[in-house]
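The primary structure of each chain is shown beneath.
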Amino acid sequence: MESRPELVGIVVGQTKPHYFHFLAKRAISMGEYVTVDSPAGRILGLTEDSTTRSDLLDKMSDFTTASEARKVAIKNTRDKSYNASVKVVGLLDQLRGGKVVLPSLPPEPGSEVFEARGEEISEIFDRKERQWAPIGNLLRNSGVRVAVNMDKVASRHLAILSVTGSGKSNLLALIVKQVASLQGTMVVFDYHGEYSELDIRGVVHAEGKINPRFVSADQLADLCDMRENAEVQRTVLGKALTEEVRASVNFWDSLISNVRNIGANEKQYTRVAPRVEDIIQIAVKRMRAVVDPEIGDVLDQIKASKVNILNMLEFTERQANAAITYYLEEILDDRKRAMRSRGEEAKIRFRTPIICAIEEAHAFIPADQNSDTAYIASKVAREGRKFGMSLIVVSQRPRRVSQDVLSQMGSFAIMKLTNPEDQTHVTEASEAISEDLLQNLPSLNTGEAVLLGEWVNIPAVVKLDLVVEKKTGSDISATTLWADQQAMNQVARESTKGFMVE
Ligand SMILES: Nc1ncnc2c1ncn2[C@@H]1O[C@H](COP(=O)(O)OP(=O)(O)OP(=O)(O)O)[C@@H](O)[C@H]1O
Ligand SMILES: [Mg+2]
């Protein structure tokens, strides 16, 4: 039998079909769901903001008056007022049937506001169809599981944004787990080598290798970590990277020999050619593991129907930029071919949709400068939906992520966000997040997120599951490690002493 809903407040002030305020019996938390009967039917609302206020203690200017007022305020039950602002998310019955229908009429002032009970709302969030994947529980109704629509993740793009250390990578690992269990195809550009220990069925690990034979001259310059403004060096490298070099048996030797020839035969490059040769030699030595002319087609490293973690720990930022750009370009081309050929062409690698996740998006898709990755990412963000390719961008500095890309994101997971510039940048990217909700983002704890947009039917304030399989990336306890090391040193000293006495 369904329990009786608890009355929590009364609707007051001016109401709108999508928004109302109520005065509450108790303090209300952001993220609580409430129901109200309206002329259009029973409404479900999400508390976006709340305040607690005392009339007597409102304008105190000194301690003595405040402490006297406090005594009176405690005795006066009318003194405190709890005010909550609620966004109407839809009509309850329709939501339970999987449809979002907003009421055309606002709730009447004076209407009673009830707590939404778990059993009333669980079918809204805990959807069971194949495309819905559970990733956490409602923050304020902890008995209610929350699932997200993976079809939307794979087509409409997702941004995961918050201050550092609040659970973004854990959420990405959760998505990885879900895609792996659905046998979907996904690529994670793992710049920090954070997912290298993720031991989950359906997840495969590879080095984010690049074949220098197939990249553009500028990309090769980036891979060799040549400075952006070293124009003459880049020109020499571009001239040396001929079709013959690309096809030669010994790629690096041929490239270097071409650089030498240019130095010897073209006077304006005589001084710079030896420098270019040095840069190539250093790159060959340092980058042997990741820039490899013998690996064939780089897409061979990505397996369809698996989650591919591409380790990029060895890359500098510039090299990673070149590598991510190259992978994204190749994957987009492949998906375009796949959609055109209707599966007949043998060269197609990814016959089903693919999700690409970019961590540290502020570094690779920056707001204020043109990067190759930003260019291709914005192309994927604009066109990907049609070709079954989607992006997940993860960043702890949303204000530095290109608005071009952010504004194309269909879904958002926003966790603790304290910087006002970050907050404004996010509201500019998505209409789904309101000013009230934004103001409350600093109060979220680790692992708590507001899920908005296409991948949820209605906004959900959630405590995300912890992925126990993800071990790296957790906070390091320096004091524990120091103490352990000291204990080990002590043991070593004692065993040496014993040895010396003998
Ligand atoms: N849902 C969760 N429940 C409990 N603990 C969590 C949750 N999510 C993350 N954590 C913990 O918080 C810490 C940081 O998580 P995570 O690495 O995912 O943060 P992040 O936002 O990616 O950080 P960064 O910005 O530095 O990359 C980890 O130690 C992790 O164990
Ligand atoms: Mg992280």
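Residues numbered from 1 in each chain as written. Chains lettered and ligands numbered in written order. Predicted model: local features only at pLDDT ≥ 70, side-chain atom pairs only at ≥ 80, totals over all residues. Heavy atoms only, no water.

Draft legend 1. Highlighting the side chain of Asn311. Position of Asn311 relative to the elements: it lies in strand 12 (residues 307–311). Its relative accessible area of 16% is what places Asn311 among the buried residues. Apart from residues no more than four positions distant in its own chain, Asn311 is found in contact with Asp190, Gly193, Ser196, Ala206, Glu207 and Gly208. (Helix = DSSP H or I, 4+ residues; strand = E, 2+ residues; numbered from the N terminus. Buried < 20%, exposed > 50% of the residue type's maximum accessible area, 1.4 Å probe, protein only. Contact = heavy atoms within 4.5 Å.)

Draft legend 2. Molecular detail of the pairing of strand 5 (residues 80–91). Of the strand pairs in this sheet, strand 2 (residues 19–24) and strand 5 are connected by six bridges, and their pairing is antiparallel. Of the residues in strand 5, the one forming a bridge with Leu23 is Asn83. In this sheet, strand 5 lies alongside strand 4 (residues 41–54) in antiparallel orientation, the contact comprising 11 bridges. By the bridge assignment, Thr52 is partnered in strand 5 with Tyr82. (Pairing = 2+ DSSP bridges.)

Draft legend 3. Expanded view of the sheet that holds strand 2. Pairing within the closed barrel is antiparallel, and its six strands lie in the order 1-2-5-4-3-6. Taken over all neighbouring pairs, the strand axes of this sheet differ in orientation by 40° on average, direction set aside. (Axes fitted to C-alpha atoms, helices over the stretch in contact; angles between N-to-C directions.)

Draft legend 4. Quick look at a nonpolar patch on the surface. A contiguous nonpolar surface patch, about 280 Å² in accessible area, is contributed by Leu56, Leu57, Met60 and Val72. Note on placement: Leu57 falls in the loop between strand 4 and helix 1 (63–75). Overall, the relative accessible area of 33% leaves Leu57 in the partly exposed class. (Patch = residues over 30% accessible without salt bridge, like charges linked within 9 Å, V, L, I, M, F, W, Y side chains within 5 Å. Areas by Shrake-Rupley, 256 points an atom, 1.4 Å probe, with all protein chains shown as cover. Salt bridge = Lys/Arg side-chain N within 4 Å of Asp/Glu carboxyl O.)

Draft legend 5. Quick peek at the side chain of Asn440. The residue Asn440 is located in the loop between helix 16 (435–439) and strand 16 (448–453) in this model. Take Asn440: its relative accessible area is 14%, and that puts it in the buried class. Every residue in contact with Asn440, bar those within four places of it in the chain, is listed here: Met30, Glu48 and Asp49.

Draft legend 6. Geometry of the site of ligand 1. Around ligand 1, a shell composed of 17 residues is seen, among which Thr164, Lys168, Ser169, Asn170 and Leu464 lie nearest. The backbone of Ser166 places a nitrogen or oxygen atom 3.1 Å from an oxygen atom of ligand 1. Within the side chain of Ser169, a nitrogen or oxygen atom sits 2.8 Å from an oxygen atom of ligand 1. Out of a free accessible area of 630 Å², ligand 1 has 79% covered by protein chains. Mapped by element, the contributors of at least two residues to the shell around ligand 1 are helix 5 (168–181) and strand 17 (460–464). Looking at the shell around ligand 1, the element that brings in the most residues is helix 5, giving three residues. Taken together, the residues that form the shell around ligand 1 break down as two nonpolar, 11 polar and four charged. (Near = heavy atom within 4 Å. Polar contact = N/O pair within 3.5 Å; in protein donor to acceptor, adjacent residues only side chain to side chain. Nonpolar A, V, L, I, M, F, W, Y, C, P; charged D, E, K, R; others polar.)

Draft legend 7. Spatial organisation of the environment of Ile160. Relative to the helices and strands, Ile160 resides in strand 9 (residues 158–161). Looking at Ile160, the relative accessible area reads 0%, which means it is buried. Considered as a pair, Ile160 and Ile414 are 254 residues apart in the sequence and their alpha carbons are 6.0 Å apart. With sequence-adjacent residues up to four places away left out, Ile160 is seen in contact with Lys168, Leu171, Leu172, Ile175, Ile392, Val393, Val394, Ser395, Ala413 and Met415.

Draft legend 8. Fine view of the packing of helix 11 (residues 317–341) against helix 13 (residues 372–387). Here helix 11 crosses helix 13 at 20°, and the two axes come no closer than 10 Å. As summarised for this structure, helix 11 and helix 13 are arranged roughly parallel, according to the angle between their axes. In this structure, the crossing between helix 11 and helix 13 has a hand that is left-handed. In this structure, helix 11 contributes Asn321, Ile324, Thr325, Leu328, Glu329, Leu332, Arg335, Lys336 and Met339 to the contact, and helix 13 contributes Asp372, Thr373, Ile376, Lys379, Val380, Glu383, Lys386 and Phe387. (Parallel < 35°, antiparallel > 145°, perpendicular 65-115°, else oblique. Left-handed = near helix turned anticlockwise from the far one by under 90°.)

Draft legend 9. Region of the structure containing the nonpolar core. Counting 137 residues, the largest nonpolar core has Met186, Ile392, Leu451 and Trp455 as the members making the most contacts within it. If you tally residues by element for this core, the top one is helix 11, at nine residues. Setting aside residues up to four positions removed in sequence, Ile392 forms contacts with Val153, Leu158, Ile160, Leu172, Ile175, Met186, Ile355, Cys356, Ala357 and Ile358. Membership of the second largest hydrophobic core comes to 15 residues, among which are Val11, Phe20, Tyr82 and Val113. (Core = buried A, V, L, I, M, F, W, Y, C linked by side-chain atoms within 4.5 Å.)

Draft legend 10. Representation of the pairing of strand 6 (residues 112–115) within the structure. Bridge count for strand 1 (residues 7–16) against strand 6 is three bridges, and the pairing is antiparallel. Counterpart to Ile10 in the pairing with strand 6 is Glu112. When strand 3 (residues 33–38) meets strand 6, the two strands line up antiparallel, connected through three bridges. Residue pairing in the sheet places Val36 in a bridge with Val113 of strand 6.

Draft legend 11. Spotlight on the domain arrangement of the protein chain. Once the domains are mapped, the protein chain shows domain 1 (7–121), domain 2 (132–139 + 142–209 + 296–464) and domain 3 (217–287). Placing the centre of domain 1 and that of domain 2 at their C-alpha centroids yields a distance of 35 Å. Residue-level contacts link 16 residues of domain 1 with 13 residues of domain 2. Across the interface of domain 1 and domain 2, roughly 1,300 Å² is buried in total on both sides, 65% from carbon and sulfur atoms. Of all residues in domain 1, the largest losses of buried area upon contact with domain 2 belong to Met30, Tyr33 and Glu48, amounting jointly to 45% of the total for that side. Summed over the shared surface of domain 1 and domain 2, the number is zero salt bridges. Where domain 1 packs against domain 2, one counts five residue pairs in polar contact (both at pLDDT 80 or more). At the level of elements, strand 4, strand 5 and helix 3 (118–125) are the ones that each hand at least two residues to the side of domain 1 that touches domain 2. Per-element accounting of the side of domain 1 that touches domain 2 gives the leading share, four residues, to strand 4. Of the residues belonging to the side of domain 1 that touches domain 2, the class tally is nine nonpolar, four polar and three charged. (Domains from an automatic or database assignment. Buried area = accessible area lost by both parts, 1.4 Å probe.)

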